[in-house]
Amino acid sequence: MLQLHHNDIINLHNMAPECTKFCDLCKQDLKPRGWTTHRKACEKKAEKQRQNQLVAESIRREDLEAEADHFADADVSECASTPTFQVDDIRCEYHPSSGIPPEVHAFEDFKRRPTPLASIPPNKHPWAPFKSRLEFELTELALEACLNNEQTDRLIRLCNRWETASHRLTGFTQDMISVPYDGTIREFDLHYRNLWEWATDLLRDPQLFPHMVFDAQHFSKFDGKTFVTFVDEPYMAEAFWNVQSQLPEDAKPLAFILYADKTKLSLFGTARGYPVVACLANLPTDIRNGQGMGGGYVVGWLPIVKDEKDHAGKPSWVNFKNAVWHEVNGLNVLTASSAGSFLRY
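Residues numbered from 1 in each chain as written. Predicted model: local features only at pLDDT ≥ 70, side-chain atom pairs only at ≥ 80, totals over all residues. Heavy atoms only, no water.

Applying the stated rule across the entire model yields six salt bridges. We note a salt bridge from K221 to D88, for which the minimum N-O separation is 3.6 Å. Placement of the pair is K221 in strand β7 (residues 217–222) and D88 in the loop between α2 (35–68) and β3 (90–94), with a sequence separation of 133 residues. When the shortest N-O distance is used, the salt bridge between D215 and K252 registers 2.6 Å. Within this pair, whereas D215 is found in the loop between α5 (195–203) and β7, its partner K252 is found in the loop between α6 (238–245) and β9 (256–260), the two being separated by 37 residues in sequence. Classification of D215 by relative accessible area gives buried; the value is 14%. Overall, K252 belongs to the partly exposed group, its relative accessible area being 34%. (Salt bridge = Lys/Arg side-chain N within 4 Å of Asp/Glu carboxyl O. Helix = DSSP H or I, 4+ residues; strand = E, 2+ residues; numbered from the N terminus. Buried < 20%, exposed > 50% of the residue type's maximum accessible area, 1.4 Å probe, protein only.)

Take the pairing of strand β8 (residues 227–230) next. Pairing geometry for β7 and β8, over four bridges, is antiparallel. The residue bridging K221 from the neighbouring strand is V228, located in β8. Linking two consecutive strands that pair antiparallel, namely β7 and β8, is a turn of four residues; a positive phi of about 110° is found at G224 within it. (Pairing = 2+ DSSP bridges.)

A separate point is the environment of M176. Secondary-structure assignment places M176 in strand β5 (residues 173–181). The spacing of M176 and D189 is 13 residues in sequence and 4.6 Å in space, taken between C-alpha atoms.

The element α5 is largely enclosed, with a buried count of seven among its nine residues. Within the span of α5, buried status applies to L195, W196, W198, A199, T200, L202 and L203. Sitting at the head of α5, N194 places a side-chain oxygen 2.9 Å from the backbone nitrogen of W196. (Polar contact = N/O pair within 3.5 Å; in protein donor to acceptor, adjacent residues only side chain to side chain.)

Grouped together as the largest cluster of nonpolar side chains are 28 residues, with contacts concentrated most on W198, M212, V305, F320 and V324. Counting only elements with at least two residues in this core, the list comes to β5, β6 (184–192), α5, β11 (271–280), β12 (297–303) and α8 (315–337). With residues up to four places along the chain from it excluded, the contact list for F320 reads V179, P180, Y181, R186, F188 and V305. (Core = buried A, V, L, I, M, F, W, Y, C linked by side-chain atoms within 4.5 Å. Contact = heavy atoms within 4.5 Å.)

In structure tokens:
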């Protein structure tokens, strides 16, 4: 007669192969412990993939129907495979050259940008313990050049002399524009900054670059019957989409917004003018309209066209002033377009 002791039973139990369950969704063998949680996660993921696939098929079908102009004769049976949407669902369509498939998100789950910049507190005084960045850079230069005390003092005195003419150290370029009016040529001084250099500084900023959007997007919201398009960013506009369609597949649009603030008359050295502000349309509104890196940047000054008694109020004089301001903005744009058309990262 076979007799088993208690210890023998325990050893036999340990030698038995461990029981597993096969998940037909992810094709994995899993231990019983945690099976329920894993199965629910797999089912949720599979359902989301199914919904996205149905959305993509639905969009492609709508495009084909629009080209054939057979909306009225569409087969009702085709609607049977259309996914079921909830009110306020958000549909996201990306430009074909992006390679990103369309998606549908529940309103409460919808996100379209990284963590706000506010979560990364900026260092307002990276040159501390020096009082200013200029003092830090002067000290850095003196150390790199191995200047002695006398040479360092001479350098500081030289900088102090230039400080009295600080408008010459602002990075502005001075030029002159000529605009014809009534048989004569009127000339105006123009001060402006290079748009391309400013833009490349933003593109190389490691905290700012993740927030930039380079692919056109179409967003729409489900109202219970159909998806209604909405636009609240420049890169969601039809013009942005059309511009990207004209570029090579490996190129992305970089859009500038230029505006002049005639409510703020500013002094520039001994001259006066209205500031011309630039920002990148690829940045979201909260950054583009905020302060600090990525916000509005003064890139030039609109010259003041003083009204002349003999011409003030005439339509031709109004058109002349507009021509002057368009010439200024045209020169600002030229600094960006002439510097280069593409950046590769």
